[in-house]
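Chain by chain, the residues:
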Amino acid sequence: MPAVSKGDGMRGLAVFISDIRNCKSKEAEIKRINKELANIRSKFKGDKALDGYSKKKYVCKLLFIFLLGHDIDFGHMEAVNLLSSNKYTEKQIGYLFISVLVNSNSELIRLINNAIKNDLASRNPTFMCLALHCIANVGSREMGEAFAADIPRILVAGDSMDSVKQSAALCLLRLYKASPDLVPMGEWTARVVHLLNDQHMGVVTAAVSLITCLCKKNPDDFKTCISLAVSRLSRIVSSASTDLQDYTYYFVPAPWLSVKLLRLLQCYPPPEDAAVKGRLVECLETVLNKAQEPPKSKKVQHSNAKNAILFETISLIIHYDSEPNLLVRACNQLGQFLQHRETNLRYLALESMCTLASSEFSHEAVKTHIDTVINALKTERDVSVRQRAADLLYAMCDRSNAKQIVSEMLRYLETADYAIREEIVLKVAILAEKYAVDYSWYVDTILNLIRIAGDYVSEEVWYRVLQIVTNRDDVQGYAAKTVFEALQAPACHENMVKVGGYILGEFGNLIAGDPRSSPPVQFSLLHSKFHLCSVATRALLLSTYIKFINLFPETKATIQGVLRAGSQLRNADVELQQRAVEYLTLSSVASTDVLATVLEEMPPFPERESSILAKLKRKKGPGAGSALDDGRRDASSNDINGGVEPTPSTVSTPSPSADLLGLRAAPPPAAPPAPASAGNLLVDVFDGPAAQPSLGATPEEAFLSELEPPAPESPMALLADPAPAADPGPEDIGPPIPEADELLNKFVCKNNGVLFENQLLQIGVKSEFRQNLGRMYLFYGNKTSVQFQNFSPTVVHPGDLQTQLAVQTKRVAAQVDGGAQVQQVLNIECLRDFLTPPLLSVRFRYGGAPQSLTLKLPVTINKFFQPTEMAAQDFFQRWKQLSLPQQEAQKIFKANHPMDAEVTKAKLLGFGSALLDNVDPNPENFVGAGIIQTKALQVGCLLRLEPNAQAQMYRLTLRTSKEPVSRHLCELLAQQF
Amino acid sequence: MNLLGKLIRFILIQNRAGKTRLAKWYMQFDDDEKQKLIEEVHAVVTVRDAKHTNFVEVTPAPILSAPQFRNFKIIYRRYAGLYFCICVDVNDNNLAYLEAIHNFVEVLNEYFHNVCELDLVFNFYKVYTVVDEMFLAGEIRETSQTKVLKQLLMLQSLE
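Every value quoted in this text rests on a predicted model; they were computed, and no experiment measured them.

Visitor: Just checking my understanding: could you explain the overall build of chain B for this structure?
Guide: When its secondary structure is counted, chain B shows five helices and seven strands. Reading chain B from its N terminus to its C terminus gives the helix and strand order β-β-α-β-β-β-α-α-α-β-β-α. A burial count over chain B gives 67% of its 159 residues as buried.

Below is the structure:
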């Protein structure tokens, strides 16, 4: 007879569950549920008072229905009634219902809190635990306000049962995390620390978690926990495998408690007291020794539990980073795991060794495992293990092994999973630059990268190689020769054409002496690629051509012929047309001297932090790449990869010729009045007529300005649709592409830029918003040379959005020629607050294959922000007025980007609120205010952002007069830092 | 250090078809987020086999697209047709949580006498009690099987 029979006492429930399971279809299930709901409703409404059992049964059925995914809109009151039953089974169902279906109905909350209060005071440990578990599960601010003061008392009361203490400790932890302000430190804190000495290991297990959380904010108040934790740990570690009876798990004494204690110790520096420290070091050594002993059981549970402690011990050793002996022992132990048959252990060893590699004490020891790690990169079946191996190789790389590691990573790249290729490319690029002894090796490596994984070589990478070649005259000739050779491959990647075009335009003269690479040969080689390239690359090549006219006067006639061709002068793309017209005119009107000055070689780039490193950091979050930033930097490579902001005197001010055509200084008489653009080329392509009356837009300028790169060319985002049989109808819109959210996020704080780009299509956005109205221009650029047919972009309003946001669109031409772009105007009106953006669905046929793509249109509620200036006093008054819990939304989150006050300011202003100075007493914090304008209503918003540079965290608080708006704004904004 | 400290985000029990047999949330998620997480956990976990680790880091954007999930990982173990998954901080101790799952499963097995999927379906409200005894507020509360079972049997005897 099983301990628990099916349905146990609630036969009606078991029958109902069986019925549901027997339903053959979703419809049948819904029918059965509706029948049950009607039945329950009539029972609850009936005249006859229900007994406790029936109430319990029906509430439990409602809960089951809810868990199946159906909405429940009644029964709350009956559940609350169950709370005051004096039968455990009824009370339990009542509490469970409340915990799962939290409802902020204030009337009910009062009743619930009342019932909890009674149970807490009942002195019945079972009821007290139920009440505490409910508070811990709900964890709302209301509950915090009602009980935060009582729970510490229950926790330290001498007569509380052990199980109650366990629950109280964790309940308090939950309330403290939710609302730290509600839990005042006090006399009880000292007594909580002493729970580490409690006889009941379960109480200690719960208490350590609480102390670990509390001590992070009040390290000094809890300092005494160090010695208590050490002695507790020492007793566990030195106990025999059976001493702790109930708390021994597969012959390992108290593994979870040990892990928790070791984590608590990681909140503090090494103990100051020599005796305590000695005892702790002894513990750590004991754990390392035990790892060498033969296992007491063959079961994986035994080794897992033992190794859980071992890995946490190693984490603590790394955290202290002060005991060379222990660090090296840890490294050796991990080295053994690298070849273990358990995949889990190999993975964890690679991960843990990665942090060891950055310690000066263990760096050398880690390096001895290079062959094993390289082997892991080649043979591991699980991609996440290979990823760790790549991380570790990156972390252990230094001057001595760079060539080996880089060549292994390059080899791996040929077969690497798509998901990690870009990251490997960045790593190789950084290592190659960092540890380059001779720069020809560096150039070879980067060109190999482009050859092997050209699609994953982002702009940062190829910009960087150009910067380095420009800055080092000893490598320029070699670079020119190498790219020239690389370009001779029948199919070479477009990125290779870009690098080749730029380098030959600057340094092609260095190899022009060899008849095999004479000027006409160089030109015809480059021009043979021209027609296969995107607009951006063709624009770059046109600049190369005009530079050739200066470098090699003999090519002038040929190049002028190319520029004069109708396909250039009348190109549908405004950028190409403009360049052709201007370069042609320049080459015919300017004297040789003027031409030589205007088209002079680019000046050296100012030294700055490698843009690649910055990108890797962005990708991996703060702390990535730190292995390279710390003390092991090679001085000799600093000249290139300084990572240091140059002092003003060392910044080479761009000479007038940096403005490639020098036209800003002296426009040639014949300069056509064609619309010009400045800054980043790829954005400019869609910029249309801009105000800037200059011609400076050359791809080269993008290197100098190091603007935030426009949406990196992301070949991953290839139109996802692998040619379905027929064009989908206009109604069914595919789900947004996986990157849609990320792309949307980039537009929360800005209005213009490239929304999307793949090999076929680029979509640019320009938009402006005023009050509750907005206008958006979408630019669709066909990057191919083939016409798009049936081109139809449409805007779709999912769900209720129709009533919240009105978007009027105009149809665009159904054909988009190769290399051309079309523009679409959207008029937008915000009717009321909304949470989800409209979708933009783009369909067309490319070479006969239907393509479709769904994106999120960058229209978020904050676009309708109107900044509001106000004095500190007014701000605080309004802040207080918005003090209802549901009006506030708060998020604490890790910084994803470097924490820079100026950048933060710009983002907040871009977000739309006014920034208020002198409001927050802490000058590090940001305070903002604004009003969201919609047709139906206005929503006042206040915000406060508190950066914590030390912890690399932010806390963001939003208060608005409308609850969903607070939460939504908070989510939108939190993703920007 | 993460201000939130270590914390279980959620515990999920799913079968191979993706039906949820238990979902216990320790952070505020709205219903859509919950549904999305449930689906994505199912998608990443079911494609893995014995040669893979029992850990899935959810760093790349395609899985769990909201950025706040980037610091999470899922530790899971498969028992017959059921996947037991715990979502924790990336810095948390993998093996400790892996064994916490096993400890939990052994308790269920003892409590339901050779537990099977149907026990979890018909006694869903009791499974919550077992969870609350062993995990509370996103932390491990009690690890001793003897203590937990004793408490559960005591509760079982109450009316």
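Visitor: Teacher, can you tell me more about the overall build of chain A here?
Guide: Regarding its fold elements, chain A presents 42 helices and 16 strands. In chain A, buried positions account for 56% of the 977 residues. Within chain A, residue pairs in contact and separated by at least 24 positions form 70% of the contacts whose partners lie at least 6 positions apart. Carbon and sulfur atoms form 52% of the exposed surface of chain A, whose accessible area is close to 40500 Å².

Visitor: Explanation requested: the interface of chain B and chain A in the structure shown.
Guide: When the parts come together, some accessible area is lost, and that loss is often what is quoted as the size of the interface. Facing the 71 residues of chain B at the interface are 81 residues of chain A. Roughly 6900 Å² is buried in total at the junction of chain B and chain A, and carbon and sulfur atoms are behind 55% of that figure. Counting every contact that joins chain B to chain A gives six salt bridges. Across the pair B:Glu139 and A:Lys177 runs a salt bridge whose closest N-O atoms are separated by 3.8 Å. For the interface between chain B and chain A, the tally reads 27 residue pairs in polar contact (both at pLDDT 80 or more). Secondary structure elements with two or more residues in the side of chain B that touches chain A: β2 (20-25), β3 (55-57), α2 (94-111), α3 (117-122), α4 (124-134), β7 (139-140) and α5 (145-157) of chain B. At ten residues, the largest contribution of residues to the side of chain B that touches chain A is made by α2(B). The class makeup of the residues in the side of chain B that touches chain A is 26 nonpolar, 22 polar and 23 charged.

Visitor: Help me understand the sheet that holds strand β1 (residues 10-15) of chain B in this model?
Guide: Residue and element names in this part refer to chain B. Read across the sheet, five strands follow the order β2-β1-β5-β4-β3 without closing on themselves; strand pairing throughout is antiparallel. Each of the sheet's edge strands pairs with one partner strand only, and the pair in question is β2 and β3. Recorded for the sheet is a direction-independent mean angle of 20° between the axes of neighbouring strands. Relative to the sheet, helix α1 (residues 31-46) contacts β1, β2, β3, β4 (72-79) and β5 (82-89), its axis offset from that of β1 by approximately 60°.

Visitor: Would you mind showing me how to read the packing of helix α26 (residues 473-487) of chain A against helix α27 (residues 494-507) of chain A here?
Guide: When two helices pack together, you describe them by how their axes are tilted relative to each other and by the distance separating the axes. All names here are of chain A. As a packed pair, α26 and α27 sit with axes 9 Å apart at the nearest point and diverge in direction by 135°. Comparing the axis directions of α26 and α27 gives the class oblique. For the crossing formed where α26 meets α27, the hand is left-handed. Contact residues: α26 offers Gln476, Ala479, Ala480, Val483, Ala486 and Leu487, while α27 offers Met496, Val497, Val499, Gly500, Ile503, Leu504 and Phe507.

Visitor: Mind showing me how you'd approach the pattern of salt bridges here?
Guide: In a structure, side chains of opposite charge can pair up when their charged atoms sit close to one another. Applying the stated criterion across every chain yields a total of 54 salt bridges over all chains. A:Arg153 is the partner of A:Asp150 in a salt bridge, and the nearest nitrogen-oxygen pair spans 3.4 Å. With a gap of three residues between them, A:Asp150 and A:Arg153 both fall in helix α9 (residues 150-156), about one helical turn apart. On the basis of relative accessibility, which here comes to 53%, the residue A:Arg153 falls in the exposed class. The salt bridge involving A:Lys223 is made with A:Glu272; its shortest N-O contact spans 4.0 Å. In this pair, A:Lys223 sits in the loop between α12 (201-217) and α13 (225-237) while A:Glu272 sits in the loop between α14 (255-265) and α15 (274-292), placing the two residues 49 residues apart along the sequence. Look at A:Lys223 and you get partly exposed, because its relative accessible area is 39%. Taking the relative accessible area as the measure of exposure, A:Glu272 reaches 71% and is therefore exposed. Taken together, the shared-partner salt bridges in this structure form one network comprising A:Glu351, A:Arg388, A:Asp391, A:Glu423, A:Lys427 and B:Glu57.

Visitor: Whenever I open this one, the state of the cysteines confuses me. Can you help?
Guide: Covalent bonding between the sulfur atoms of two cysteines defines a disulfide. Residues and elements named next belong to chain A. In the structure shown here, the tally under the stated rule is zero disulfides over all chains. With no disulfide of its own, Cys213 lies closest to Cys215 among cysteine sulfurs, the gap being 8.4 Å. Here Cys213 falls in the buried class, since its relative accessible area comes to 9%.

Visitor: So what exactly am I meant to see when it comes to unusual backbone geometry here?
Guide: For residues other than glycine, phi is negative in most cases, and the peptide bonds are mostly trans. All names here are of chain B. Although it is not a glycine, His113 sits at a positive phi angle of roughly 45°. Considering the arrangement of structural elements, one finds His113 in the loop between α2 and α3. Positive phi, close to 55°, is recorded for Ala137, a residue that is not glycine.

Visitor: What is the right way to read the sheet that holds strand β9 (residues 839-846) of chain A from this model?
Guide: Pairing between sheet strands relies on hydrogen bonds along the backbone, with the strands arranged either parallel or antiparallel. All names here are of chain A. Here three strands make up an open sheet; going across it, the order is β6-β9-β10 and the pairing antiparallel. Lying at the two open borders of the sheet, with one neighbouring strand each, are β6 (788-796) and β10 (849-856). Neighbour to neighbour, the strand axes of the sheet diverge by 15° on average, direction disregarded. In this structure, β6 lies alongside β9, joined through seven bridges in antiparallel fashion.

Visitor: Looking at this structure, I do not really get the side chain of A:Gln804. What am I missing?
Guide: All names here are of chain A. When you line up the elements, Gln804 lands in helix α39 (residues 801-804). Judged by its relative accessible area of 16%, Gln804 is buried. Beyond its immediate sequence surroundings of up to four residues, Gln804 is in contact with Glu829, Cys830, Leu831, Arg832, Asp833 and Phe834.

Visitor: What should I look at first to understand the packing of aromatic side chains in this one?
Guide: The description of an aromatic ring pair rests on the distance of the ring centres and on the angle between the ring planes. All names here are of chain A. Taken as a whole and assessed by the stated rule, the structure comprises 35 aromatic pairs over all chains. Relative to Phe64, the ring of Phe16 has its centre 6.1 Å away and its plane inclined at 75°; by these criteria the two rings are edge-to-face. Of the two residues, Phe16 is situated in helix α1 (residues 11-22) and Phe64 in helix α3 (residues 52-67); the sequence distance between them amounts to 48 residues. In terms of burial, Phe16 and Phe64 fall into one category: buried. Feature note: the residues Tyr780, Phe788, Phe791, Phe844 and Tyr846 constitute an aromatic cluster, connected by ring pairs. For the cation-ring pair, Lys427 lies above Tyr394, with the distance from its terminal atom to the ring centre recorded as 5.4 Å. Lying over the aromatic face of Phe747, Lys750 brings its terminal NZ or CZ to 5.3 Å of the ring centre.

Visitor: Would you mind going over a negative patch on the surface with me for this structure?
Guide: A contiguous patch of negative charge on the surface is contributed by A:Asp71, B:Asp30, B:Asp31 and B:Asp32. Position of B:Asp30 among the secondary structure elements: in the loop between β2 and α1.

Visitor: How should I be thinking about the pairing of strand β8 (residues 821-830) of chain A in this particular structure?
Guide: Within a regular beta strand, the side chains point alternately toward one face of the sheet and then the other, so they alternate between its two faces. Residue and element names in this part refer to chain A. Here β8 shows a clear split, with Val822, Gln824, Leu826, Ile828 and Cys830 buried on one side and none of Gln821, Gln823, Val825, Asn827 and Glu829 buried on the other. Relative to β8, strand β5 (residues 773-782) runs antiparallel, the two being bridged by nine bridges. Directly across from Leu778, in β8, lies its bridge partner Gln824. By the bridge criterion, five bridges tie strand β7 (residues 805-809) to β8 in an arrangement that is antiparallel.

Visitor: Help me understand the confidence of the model for chain A in this model?
Guide: Parts of the model with low pLDDT should not have their predicted coordinates read in detail. Residues and elements named next belong to chain A. Confidence along chain A averages 83 in pLDDT terms, with 87% of residues attaining 70 or more. The low-confidence segment residues 1-7 (pLDDT under 50) makes 20 contacts with residues lying over four places distant or belonging to another chain. In this model, residues 622-731 is a region of pLDDT below 50 whose contacts with residues beyond four sequence positions or in other chains number 207 contacts.

Conventions adopted
Counting restarts for each chain, with residues numbered from 1 along the sequence as it is written. In the order they appear in the text, chains get letters beginning with A and ligands get numbers beginning with 1. Side-chain atom pairs in this predicted model are given and counted only at pLDDT of 80 or more, local residue features only at pLDDT of at least 70, and totals for whole chains, interfaces and linings cover all residues. The basis for every side-chain value is the complete set of non-hydrogen atoms in the structure, without hydrogens or water. For the purposes of this entry, the term helix denotes a DSSP run of H or I that reaches at least four residues, the term strand denotes a run of E that reaches at least two, and both are numbered from the N terminus. Three exposure classes are used, based on accessible area relative to the maximum for each residue type with a 1.4 Å probe and protein chains only: buried under 20%, partly exposed in between, and exposed over 50%. Any two residues whose heavy atoms approach within 4.5 Å are treated as being in contact. The Shrake-Rupley method, run with a 1.4 Å probe sphere, supplies the accessible areas, and residue values consider only the shown protein chains as cover. When two parts are put together, the accessible area they lose, computed with a 1.4 Å probe and summed over both, is reported as buried area. Counted as salt bridges are all cases of a side-chain nitrogen of Lys or Arg within 4 Å of a carboxyl oxygen of Asp or Glu. Pairs of N or O atoms are called polar contacts if they sit within 3.5 Å, as long as, within protein, a hydrogen donor faces a hydrogen acceptor (for residues adjacent in sequence, only side-chain-to-side-chain pairs). Residues are sorted three ways: Asp, Glu, Lys and Arg are charged, Ala, Val, Leu, Ile, Met, Phe, Trp, Tyr, Cys and Pro are nonpolar, and all the rest, Gly among them, are polar. In this analysis, strands are considered paired if DSSP registers two or more bridges between them. Angles run from 0 to 180 degrees between N-to-C directions of axes, and those axes are lines fitted to C-alpha atoms, restricted for helices to the stretch in contact. Convention used here: angles under 35 degrees read as roughly parallel, angles over 145 as roughly antiparallel, angles from 65 to 115 as roughly perpendicular, and any remaining angle as oblique. Crossing handedness is defined as follows: a turn of the near helix away from the far one that is anticlockwise and smaller than a right angle gives a left-handed crossing, while the clockwise case is right-handed. To count as a disulfide, a pair of cysteine sulfur atoms needs to be within 2.5 Å. Only rings of Phe, Tyr and Trp enter the pairing, Trp through its six-membered ring, and a pair is recorded when the two centres are within 6.5 Å. The plane angle decides the type: under 30 degrees is stacked, over 60 is edge-to-face, the rest tilted. Charge-over-ring placement is defined geometrically: NZ (Lys) or CZ (Arg) within 6 Å of the ring centre, and within 35 degrees of the ring normal. Patches draw on residues past 30% relative accessible area with no salt bridge. Two like charges within 9 Å are joined, as are two nonpolar side chains (Val, Leu, Ile, Met, Phe, Trp, Tyr) within 5 Å. Counted as positive: Lys and Arg. Counted as negative: Asp and Glu. His and the chain ends are not counted at all. For charged residues, the charge sits on one atom: NZ in Lys, CZ in Arg, CG in Asp, CD in Glu. The pLDDT score gives, residue by residue, the confidence of the prediction method on a 0 to 100 scale.

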